[in-house]
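Here is how the chains run, residue by residue.
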Amino acid sequence: MRKTRKTLAVMAASAALAVTLTACGSDDGNSSESSGAAADSASKTEDHNAQDVTFAQGMIPHHKGALEMAEEATDKASSAEVKSLAARIEKAQAPEIETMSGWLKTWGEDVPTSTESMPGMESMESMPGMNHGSAAEDFDKAFLTMMIEHHKGAVKMATTEKAKGTYGPATAMADDVIRTQNAEITEMNKLLAKS
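Residues numbered from 1 in each chain as written. Predicted model: local features only at pLDDT ≥ 70, side-chain atom pairs only at ≥ 80, totals over all residues. Heavy atoms only, no water.

Across its 28 residues, helix 4 (residues 80-107) extends 41 Å between first and last C-alpha, which sits within 8% of the 40 Å expected from 1.5 Å per residue. Buried within helix 4 are the following residues: Val-82, Leu-85, Ala-86, Ile-89, Gln-93, Glu-96, Ile-97, Met-100, Ser-101, Trp-103, Leu-104 and Trp-107. For helix 4, the side-chain oxygen to backbone nitrogen distance between the N-cap and Glu-81 is 3.1 Å, and the N-cap itself is Ser-79. Once helix 4 ends, the next one or two residues include Gly-108, with phi positive near 75°. (Helix = DSSP H or I, 4+ residues; strand = E, 2+ residues; numbered from the N terminus. Expected span 1.5 Å × (residues − 1). Buried < 20%, exposed > 50% of the residue type's maximum accessible area, 1.4 Å probe, protein only. Polar contact = N/O pair within 3.5 Å; in protein donor to acceptor, adjacent residues only side chain to side chain.)

Take a look at the structure:
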């Protein structure tokens, strides 16, 4: 009786394995079609257009500019709320720079290395009064004012990417930029009103 049960168990396992193997590698000609369809869908997710390249090449220096400003605010801001905001900006945007740089390398495109190409990018250092021992509160106001404008520029670029880009991960990042940076603009406006 035990042998019969054991034999039945082995036969059942063998049958299950045979069914699994047949499903994975059938020779009915459809397997190559289905794997071809999978390859097509994979390549479609990798498709990108000129707008996707423009978005990444524009957003990388833009984010780098925001990081430079945020680093200064982490050191020089008087308000704990401004310091916290600056730290969040650094935490969110540094990984996005890495991600977009990876896309550009994969696509064989140039990766921007500085913020110099960004029109209107000012360092906090270049703002009037920033190097002349101005009060920390003035620094906070200057930082918030500049970062609001900076975020508006990022939202505009991201909105264009959502409308015209074709690369799924890039349009998803654009959506995230719009959502998070609009929320931060609201937060910064409130902080400005309190100062």
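Before going further, it helps to examine the packing of aromatic side chains. Note on aromatic pairs: each is described by the distance of the centres and the angle between the planes. Inspection of every chain in the model, using the stated rule, returns 3 aromatic pairs. Measuring from centroid to centroid gives 6.2 Å for Trp-103 and Trp-107, while their planes differ by 25°, and the two rings are stacked. Linking Trp-103 with Trp-107, this pair stays in helix 4, spanning 4 residues, or about one helical turn. Classification of Trp-107 as buried rests on a relative accessible area of 13%. For the pair Trp-103 and Tyr-167, a centre-to-centre distance of 5.4 Å together with 80° between the ring planes defines the contact as edge-to-face. Of this pair, Trp-103 sits in helix 4 while Tyr-167 sits in the loop between helix 5 (136-164) and helix 6 (168-194), and the two are 64 residues apart along the sequence. An aromatic cluster of three or more residues is present, and its members are Trp-103, Trp-107 and Tyr-167. (Phe/Tyr/Trp six-rings, centres within 6.5 Å; stacked < 30°, edge-to-face > 60°.)

In total, this model carries 6 salt bridges according to the counting rule given. One salt bridge connects Lys-194 with Glu-81, and the closest N-O pair in it is separated by 3.0 Å. With Lys-194 in helix 6 and Glu-81 in helix 4, this residue pair connects regions lying 113 residues apart in the sequence. With a relative accessible area of 39%, Glu-81 lands in the partly exposed category. With a shortest N-O distance of 2.9 Å, Lys-162 and Asp-175 are connected by a salt bridge. In this pair, Lys-162 sits in helix 5 while Asp-175 sits in helix 6, placing the two residues 13 residues apart along the sequence. (Salt bridge = Lys/Arg side-chain N within 4 Å of Asp/Glu carboxyl O.)

Moving on: the confidence of the model for the protein chain. Residue-level pLDDT values for the protein chain average 77, and 65% of them are 70 or greater. This stretch, residues 2-45, has a pLDDT under 50; its non-local contacts, to residues over four places away or in other chains, come to 3 contacts. Low confidence marks residues 117-124, where pLDDT is under 50. Its contacts with residues over four positions away, or in another chain, come to 18 contacts. (pLDDT = per-residue confidence, 0-100. Contact = heavy atoms within 4.5 Å.)

Turning to the environment of Gly-165, a few remarks are in order. Tracing the backbone shows Gly-165 in the loop between helix 5 and helix 6. Judged by relative accessible area, Gly-165 falls into the buried class, the value being 17%. Taking the C-alpha atoms as reference, Gly-165 lies 7.9 Å from Ala-50; in sequence the two are 115 residues apart. Setting aside anything within four residues of it in sequence, one finds Gly-165 in contact with Asn-49, Gln-51, Asp-52, Thr-160 and Thr-171.

By the element assignment, Glu-96 lies in helix 4. Contact partners of Glu-96, with chain neighbours within four places excluded, come to His-63, Met-173, Asp-176 and Val-177.

With that out of the way, let us pick up the nonpolar core. Of all hydrophobic cores here, the largest spans 20 residues; its most connected members are Phe-55, Met-59, Met-100, Trp-103 and Ala-158. Among the elements that make up this core, the one with the highest residue count is helix 3 (residues 50-76) (6 residues). Ala-86, Phe-143, Leu-144 and Met-146 belong to the second largest nonpolar core, which has 18 residues in total. (Core = buried A, V, L, I, M, F, W, Y, C linked by side-chain atoms within 4.5 Å.)

For Gln-51, the position within the fold is in helix 3. Judged by its relative accessible area of 16%, Gln-51 is buried. Side chain to side chain, Gln-51 and Glu-161 meet in a polar contact 3.2 Å long. In this structure, Gln-51 is in contact with Thr-160, Glu-161, Lys-164 and Gly-165, ignoring residues within four places of it in sequence.

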